[in-house]
Amino acid sequence: MKSPQLSVFLKTFPRARYHSESRLLTWYPQGTLDDQLADEIMAVLELDESFENVPFHRYTDLSRLTEIHLKIGHVFEIAEHRRTVGEPVRSALFAETTMGFGIARLYEELMQGAVIQVRAFRDRDAAAEWLGADVQLLLSE
């Protein structure tokens, strides 16, 4: 049975799934990556680590973004905040475009040394391996 918090989250972010067997949250934002969507991504990343009283990893698939209109300074603000919170979990960011991957790599670099491990990927198989999950979980919305 899903926790009330998880149920509310999944209604708020309909392209998100929680895979309890793998302790993995997958999310597929779409549209324009701007400061507002970046804040939504941060909200996803800042979820209570204990939907089921255990920490869980995250996979964010940026391949459905159609445009990027993000202030780079906003990425720095998000990373500065995220470095001070969270459990020791992994957050994989997948991107197919050069710009999306560049933003993901920037965030990865800004998160170096934080409790939360962040990695940018262009290969879903590599992301799945790093997360310890079946790649099929990363392919389904």
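Preceding this paragraph is the structure being described.
Residues numbered from 1 in each chain as written. Predicted model: local features only at pLDDT ≥ 70, side-chain atom pairs only at ≥ 80, totals over all residues. Heavy atoms only, no water.

Draft legend 1. Structural detail: the overall build of the protein. Helix and strand content of the protein: six helices and seven strands. Seen in sequence order, the protein has helices and strands lined up from the N terminus as α-β-β-β-α-β-β-α-β-α-β-α-α. Counting over 141 residues, the protein shows a buried share of 46%. A sequence separation of at least 24 residues applies to 72% of the contacts in the protein between residues at least 6 apart. Summing over all exposed atoms, the protein offers an accessible surface of approximately 7,300 Å²; the carbon and sulfur share of this is 50%. (Helix = DSSP H or I, 4+ residues; strand = E, 2+ residues; numbered from the N terminus. Buried < 20%, exposed > 50% of the residue type's maximum accessible area, 1.4 Å probe, protein only. Contact = heavy atoms within 4.5 Å. Areas by Shrake-Rupley, 256 points an atom, 1.4 Å probe, with all protein chains shown as cover.)

Draft legend 2. The arrangement of the pattern of salt bridges in detail. Counted under the stated rule, the structure contains four salt bridges. A salt bridge links Asp35 to Lys71, with the nearest nitrogen and oxygen atoms 3.7 Å apart. Taken as a pair, Asp35 in helix 2 (residues 35-45) and Lys71 in the loop between strand 5 (65-69) and helix 3 (72-82) lie far apart in primary sequence, 36 residues in all. Accessibility expressed as a relative area gives 59% for Lys71, which makes it exposed. Taken together, the salt bridges that share partners define one network made up of Arg105, Glu108 and Glu109. (Salt bridge = Lys/Arg side-chain N within 4 Å of Asp/Glu carboxyl O.)

Draft legend 3. Highlighting the nonpolar core. Of all hydrophobic cores here, the largest spans 27 residues; its most connected members are Leu33, Tyr107 and Met111. Setting aside anything within four residues of it in sequence, one finds Leu33 in contact with Ala38, Ile41, Leu65, Glu67, Ile68, His69, Leu70 and Ile103. Core analysis: the next-biggest nonpolar cluster, separate from the first, contains 14 residues, Tyr59, Ala92, Ala127 and Ala128 among them. (Core = buried A, V, L, I, M, F, W, Y, C linked by side-chain atoms within 4.5 Å.)

Draft legend 4. Molecular detail of the packing of aromatic side chains. For the structure shown, the criterion picks out four aromatic pairs. Judged by centre distance (6.3 Å) and plane angle (65°), the ring pair of Tyr28 and Tyr59 falls under edge-to-face. Highlighted residues: Tyr28 in the loop between strand 2 (24-27) and strand 3 (31-34) and Tyr59 in strand 4 (residues 57-61), separated in sequence by 31 residues. Of the two residues, Tyr28 and Tyr59, neither departs from the other in class, the shared state being buried. For the ring pair Phe121 and Trp130, a centre distance of 5.7 Å and an interplane angle of 50° mean the geometry is tilted. Just as Phe121 is buried, Trp130 falls in that class too. Counting every residue linked through ring pairs, the aromatic cluster contains Tyr28, Tyr59 and Phe94. (Phe/Tyr/Trp six-rings, centres within 6.5 Å; stacked < 30°, edge-to-face > 60°.)

Draft legend 5. How the structure looks around the sheet that holds strand 6 (residues 90-94). Pairing is mixed across the open sheet formed by five strands, whose spatial order is 1-2-4-6-7. The open sheet is flanked by strand 1 (16-19) and strand 7 (117-121), the only strands paired with a single partner. Between one strand axis and the next, the sheet turns through 15° on average, direction left out of account. Note that strand 4 and strand 6 share four bridges and pair parallel. Among the inter-strand pairings, Thr60 is bridged to a residue of strand 6, identified as Leu93. Where helix 4 (residues 98-110) meets the sheet, it contacts strand 6 and strand 7, and its direction lies at approximately 160° from that of strand 7. Packed onto the sheet, helix 5 (residues 124-131) meets strand 2, strand 4, strand 6 and strand 7 and runs at close to 175° relative to strand 6. (Pairing = 2+ DSSP bridges. Axes fitted to C-alpha atoms, helices over the stretch in contact; angles between N-to-C directions.)

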